[in-house]
Amino acid sequence: MKTRLLLIEDQINLAHFIALELTAEGYQVSVENHAKIGLIAAQVLCPDIIVMSWDLPGEASSKVHHQLRSLGHQVPIVGMTVDAKRRHLLPPELDEITWLVKPFTMADLFKAIYQVRQMPSSTPQPERMLRIG
């Protein structure tokens, strides 16, 4: 059975490229370009992993994370951000997210996805950050 990924990325060209690459690697990928629709998709599709831009307009990404957790969804999240420094200003409950700093290579994303697939989803995980460059 293919691993189901939900990609939430507001940059449409980037989302399309990442989805193509993930699909070529054998993942089943659903793409949403808006945080609110991504939240609904996460609840309906029940993905194995969410790959989400943390740079969505407003506080959308943190709200998606908070709402998923408050509903009991423990799906692992790979967060993509352009600002590694800002990452350290986030609340402690976001430490469970595996972080990628943009720009990153597809090999970096595959590695992050592999890492979260190996983790038990029901137990809290220590902070992880994969810094590129």
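See the structure printed just above.
The notes below deal with the structure included here. (Residues numbered from 1 in each chain as written. Predicted model: local features only at pLDDT ≥ 70, side-chain atom pairs only at ≥ 80, totals over all residues. Heavy atoms only, no water.)

## Some points on the pattern of salt bridges
If the charged atoms of two oppositely charged side chains come close together, the side chains can form a pair.
So, step 1. Per the counting criterion, the structure on display carries three salt bridges.
So, step 2. Glu9 is the salt-bridge partner of Lys102, the closest N and O atoms lying 3.1 Å from each other. Taken as a pair, Lys102 in the loop between strand S5 (98–101) and helix H5 (106–117) and Glu9 in the loop between strand S1 (4–8) and helix H1 (12–24) lie far apart in primary sequence, 93 residues in all. Comparing Lys102 with Glu9 shows no difference in burial state: the two are buried.
So, step 3. As a salt-bridge pair, Glu96 and Arg69 come within 2.3 Å of each other at their nearest N and O atoms. Of the two residues, Glu96 is situated in the loop between helix H4 (84–87) and S5 and Arg69 in helix H3 (residues 60–70); the sequence distance between them amounts to 27 residues. (Salt bridge = Lys/Arg side-chain N within 4 Å of Asp/Glu carboxyl O. Helix = DSSP H or I, 4+ residues; strand = E, 2+ residues; numbered from the N terminus. Buried < 20%, exposed > 50% of the residue type's maximum accessible area, 1.4 Å probe, protein only.)

## Considering the packing of H1 against H5
So, step 1. At a closest axis distance of 11 Å, the pairing of H1 and H5 adopts a crossing angle of 65°. Judged by the twist between their axes, the crossing of H1 over H5 is right-handed. On H5, the residues touching Phe17, Ile18, Glu21 and Leu22 of H1 are Met106, Leu109, Phe110 and Ile113.
So, step 2. For the contact of H1 with H5, the per-class residue count stands at seven nonpolar, no polar and one charged. (Axes fitted to C-alpha atoms, helices over the stretch in contact; angles between N-to-C directions. Left-handed = near helix turned anticlockwise from the far one by under 90°. Contact = heavy atoms within 4.5 Å. Nonpolar A, V, L, I, M, F, W, Y, C, P; charged D, E, K, R; others polar.)

## What to know about the packing of helix H2 (residues 35–45) against H3
So, step 1. Following both chains from N to C, one finds H2 and H3 inclined at 25°, their axes separated by 9 Å at the closest point. Classified by the interaxial angle, the pair formed by H2 and H3 is roughly parallel. Every pair of crossing elements has a handedness; the one defined by H2 and H3 is right-handed. Across from Ala35, Leu39, Ala42 and Gln43 in H2, the residues of H3 making contact are Ala60, Val64, Gln67 and Leu68.
So, step 2. Partitioning the contact of H2 with H3 into residue classes produces six nonpolar, two polar and no charged. (Parallel < 35°, antiparallel > 145°, perpendicular 65-115°, else oblique.)

## Section: the side chain of Thr81
So, step 1. Position of Thr81 among the secondary structure elements: in strand S4 (residues 77–81).
So, step 2. A polar side-chain atom of Thr81 sits 3.5 Å from a polar atom in the side chain of Asp55. (Polar contact = N/O pair within 3.5 Å; in protein donor to acceptor, adjacent residues only side chain to side chain.)

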